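Notes for the structure review
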Amino acid sequence: MINNKFFYPANVLLPKSDFEKWSVIACDQYTSEPEYWNRAKNIVGDNKSALNIILPEVKLSDNNDKEIVDINNTMAEYINSDTFNEFENSFIYIERTQSDGLVRRGILGCIDLEDYEYTKCNEALIRATEATVIERIPPRVKIRENAPLELPHVMLLVDDKDNSLFEPLSAATDDFEKLYDFELMQNAGHIKGFRVCVSKVEKMQQALEKLNQEAEGLLFCVGDGNHSLATAKECYIKNPNPLNRYALVEVVNIHDTALQFEPIYRIVFGTNPDNLINSFLDYCGGEYKGDDAQKYTCVYNGLEREISVKPIQKLAVGTLQKFLDDYILENPDVKIDYIHGEDSLKKLSLNQNAVGFLFSGMQKSELFDAVKADGSLPRKTFSMGHADDKRFYLEARKIK
């Protein structure tokens, strides 16, 4: 590996053929829609595919031991049956045409897991953006700990306002070796991948060095795959080796115009709406009208009530979530859900004893400052694009 401080080339494995059937969406998508995964299975048929070496979370249960053994055996079979081409010591520049037609740019490489922490309020170079749910890690460790391969769906964000890292690469694709160029299944857009040439690697590393100097100790935030990266870290701690010390990730510029952040709203069931809203106001010290007030629209029974409070955390969603976490501890029968879309929230708020909270979503430009100020953010703070635009499994790397 090139001896640098924060982003490394990898020995990347790519299938020799049938990219369209090989590549499938991240396992944590369509968790309530088994029909999506059934369609994927029909598309793949008997062909070799990443679908055969992942466990979609729609199938995750208390006992997936047989499926996990089958996955590991299939990985070994793929390694030993001339399935892959290996591109040693490589970075891959990626152009992903999303379902909306916009092109998102990324760079595939490795990070050192010793540079990454998912605990709250740490000082690591690479940090989680959302609070890690510890209970979600053991089942994922069970899947990864004996796997000979990793397939990444982790996306790291870098604060590259001048696009210094990506612009030189996007202008030089004619000089790069094209590794893949195909349509993703189920109308999820198009993807191209290019092997970055040595001269551009040097410029890329120089740009990263400058970004790191400007980053005040936080170079990368995890945009997608928080729990997958936490799992990789735990597997490395549990059974370290020179390969699993590193994790394959895609780095994306948070300022990429194709990358959109969307708020994830909250709805609470099993409570008196007025009592809950008043409890929230009391928790924050009463109604507050200052210039820095955080504003919420509370929706219930077809009504809307506007409130504003003094910030407890940097983001409106953080202040609300801190209150809700404490409220639910004291009221265990109350349930909370996380909702995409204003219309969906308003519809659900018509249920008896339900109240929804609308608020301004976090702007992309706020993410790094918020993580520095508050540590990892509440779970479900933001959604990074639509489900179909999430990262697809495609590249692989040996971790044993």
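Sequence order sets the numbering: in each chain, residues are counted from 1 along the sequence as written. Local features in this predicted model are restricted to residues of pLDDT 70 or higher, and side-chain atom pairs are both shown and tallied only at a pLDDT of 80 or more, whereas totals for entire chains, interfaces and linings draw on every residue. Water and hydrogen atoms play no part in the side-chain values, which are based on all heavy atoms of the structure.

**Observations regarding helix α8 (residues 273-283)**
Remark: exposure states derive from per-residue accessible area (1.4 Å probe, protein chains only) relative to the maximum for the residue type, with buried under 20%, exposed over 50%, and partly exposed in between. Secondary structure is summarised from DSSP: a helix means a run of H or I of at least four residues, a strand means a run of E of at least two, and numbering begins at the N terminus for each. All buried positions along α8 are accounted for by P273, L276, I277, F280 and L281. Each buried residue of α8 sits inside an arc of 140° when the element is viewed along its axis, so together they form one side. A contact between two residues is defined here by any heavy atoms of the two lying within 4.5 Å. Close packing links the buried residues of α8 with β15 (265-269), β16 (294-300), β17 (303-309), α9 (316-330) and β19 (354-358). At the N-terminal boundary of α8, the capping side chain belongs to N272, with an oxygen 3.1 Å from the backbone nitrogen of D274. In this description, one arc is meant: the one made by directions from the helix axis to the C-beta atoms. In protein, a polar contact means a hydrogen-donor-capable atom and an acceptor-capable atom, both N or O and within 3.5 Å, with residues adjacent in sequence counting only if both atoms are side-chain atoms; elsewhere, any N or O pair within 3.5 Å suffices.

**Comments concerning the nonpolar core**
Within the largest apolar cluster, 46 residues are counted, with the highest numbers of intra-cluster contacts made by L14, W22, L151, Y180, Y393 and L394. The residues touching Y393, leaving out its near neighbours within four places in the chain, are W22, S23, V24, I25, A26, C27, A50, I54, L151, P152 and H153. By nonpolar core we mean a set of buried residues, namely Ala, Val, Leu, Ile, Met, Phe, Trp, Tyr and Cys, connected to one another through side-chain atoms within 4.5 Å. M155, L276, Y327 and F357 belong to the second-largest nonpolar core, a separate cluster that totals 45 residues.

**What to know about the pairing of β19**
Every regular strand shows the same layout, with side chains that alternate between the two sheet faces. Counting buried residues in β19 gives 5 out of 5 residues, a clear majority hidden from the surface. Side chains of β19 alternate between two faces, with A354, G356 and L358 and V355 and F357 buried alike. Here β16 pairs with β19 via 3 bridges, running antiparallel. By the bridge assignment for β19, T297 is matched with L358. Between any two strands, pairing holds if DSSP finds at least two bridges.

**Observations regarding the layout of surface pockets**
The rolling of a water-molecule-sized probe over the atoms marks out the regions of remaining empty space. Note on definitions: the grid is 1 Å and covers protein atoms alone; a cavity is a set of points where a 1.4 Å probe fits but cannot get out; a pocket is an open set with protein on both sides within 12 Å along at least five of seven lines; lining residues have an atom within 4 Å of a point. Grid points are joined across faces, edges and corners, and a volume is the space filled by probe spheres set on the points. Within this model, the largest pocket holds a volume of roughly 990 Å³. Lining the largest pocket are 35 residues; nearest its centre among them are D28, Q29, H340, K380 and K390. Secondary-structure elements contributing two or more residues to the lining of the largest pocket are β12 (220-224), α7 (226-238), β18 (335-339) and β20 (382-384).

**Concerning the sheet that holds strand β11 (residues 190-195)**
Within the open sheet, the 9 strands sit side by side as β6-β7-β12-β9-β13-β5-β4-β11-β10. Their pairing is mixed. Two strands close off the open sheet at either side, each with one partner strand: β6 (116-117) and β10 (177-183). Across 2 bridges, strand β7 (residues 126-127) lies against β12 in parallel orientation. When the bridges of β12 are listed, I126 appears paired with F220.

**What about the environment of E366?**
Along the polypeptide, E366 turns up in the loop between β19 and α11 (367-374). Separated by 292 residues in the primary sequence, E366 and T74 have C-alpha atoms spaced 43 Å apart. Engagement of the side chain of E366 in a polar contact is seen with the backbone nitrogen of Q363, the distance being 2.7 Å.

**Focus: the packing of helix α4 (residues 137-144) against α7**
In this analysis an axis means a line fitted to C-alpha atoms, helices contributing only their contacting stretch, and an angle means the value between N-to-C directions, from 0 to 180 degrees. At their nearest, the axes of α4 and α7 sit 9 Å apart, and the two run at 65° to each other. Along this stretch, α4 crosses α7, giving a crossing that reads as right-handed. Contacts from I137, R140, V141 and R144 in α4 reach H227, S228, A230, T231, A232, E234, C235 and K238 in α7. By definition, turning the near helix anticlockwise from the far helix through less than a right angle yields a left-handed crossing, and turning it clockwise yields a right-handed one.

**Concerning empty space enclosed by the protein**
This model, assessed by the stated rule, comprises 3 cavities of 30 Å³ or more. When its volume is computed, the largest cavity comes out at roughly 450 Å³. Lining the largest cavity we find 25 residues, and of these I143, R144, L151, S228 and Y393 sit closest to its centre. Here the lining of the largest cavity gets 4 residues from one element, more than from any other, and that element is α7. Three classes are used: nonpolar for Ala, Val, Leu, Ile, Met, Phe, Trp, Tyr, Cys and Pro, charged for Asp, Glu, Lys and Arg, and polar for all others, with Gly counted as polar. Here the lining of the largest cavity is composed, by residue class, of 18 nonpolar, 3 polar and 4 charged.

**Comments concerning the packing of aromatic side chains**
When we look at a pair of aromatic rings, we describe it by the centre distance and by the angle of the planes. Stacked, tilted and edge-to-face pairs are distinguished by plane angle, under 30 degrees for stacked and over 60 for edge-to-face with tilted covering the rest, among Phe, Tyr and Trp rings (Trp via its six-membered ring) whose centres lie within 6.5 Å. Taken as a whole and assessed by the stated rule, the structure comprises 20 aromatic pairs. On the numbers, 5.5 Å between centres and 90° between planes, the contact of W22 with F84 is edge-to-face. Here the residue W22 occupies a position in helix α1 (residues 19-22), and F84 occupies one in strand β3 (residues 84-90), the gap between them amounting to 62 residues. Across the pair, F84 and W22 agree in class, each one buried. Consider the rings of Y296 and F359, whose centres lie 6.2 Å apart with planes at 70°: the pair is edge-to-face. Of this pair, Y296 sits in strand β16 while F359 sits in the loop between β19 and α11, placing them 63 residues apart in sequence. Assessed through its relative accessible area of 0%, Y296 is described here as buried.

**Comments concerning the pattern of salt bridges**
By convention in these notes, a salt bridge is any Lys or Arg side-chain nitrogen within 4 Å of a carboxyl oxygen on Asp or Glu. Counted by the stated rule, this structure contains 23 salt bridges. Notably, a salt bridge pairs K233 with E117, separated by 3.4 Å at the nearest N-O pair. Taken as a pair, K233 in helix α7 and E117 in strand β6 lie far apart in primary sequence, 116 residues in all. In this structure K233 comes out as buried when scored by relative accessible area, which is 7%. E123 serves as the salt-bridge partner of R127, at 3.9 Å between the closest nitrogen and oxygen. According to the relative accessible area criterion, E123 is exposed, its value standing at 68%.

None of the figures reported here should be taken as evidence of function without further support.
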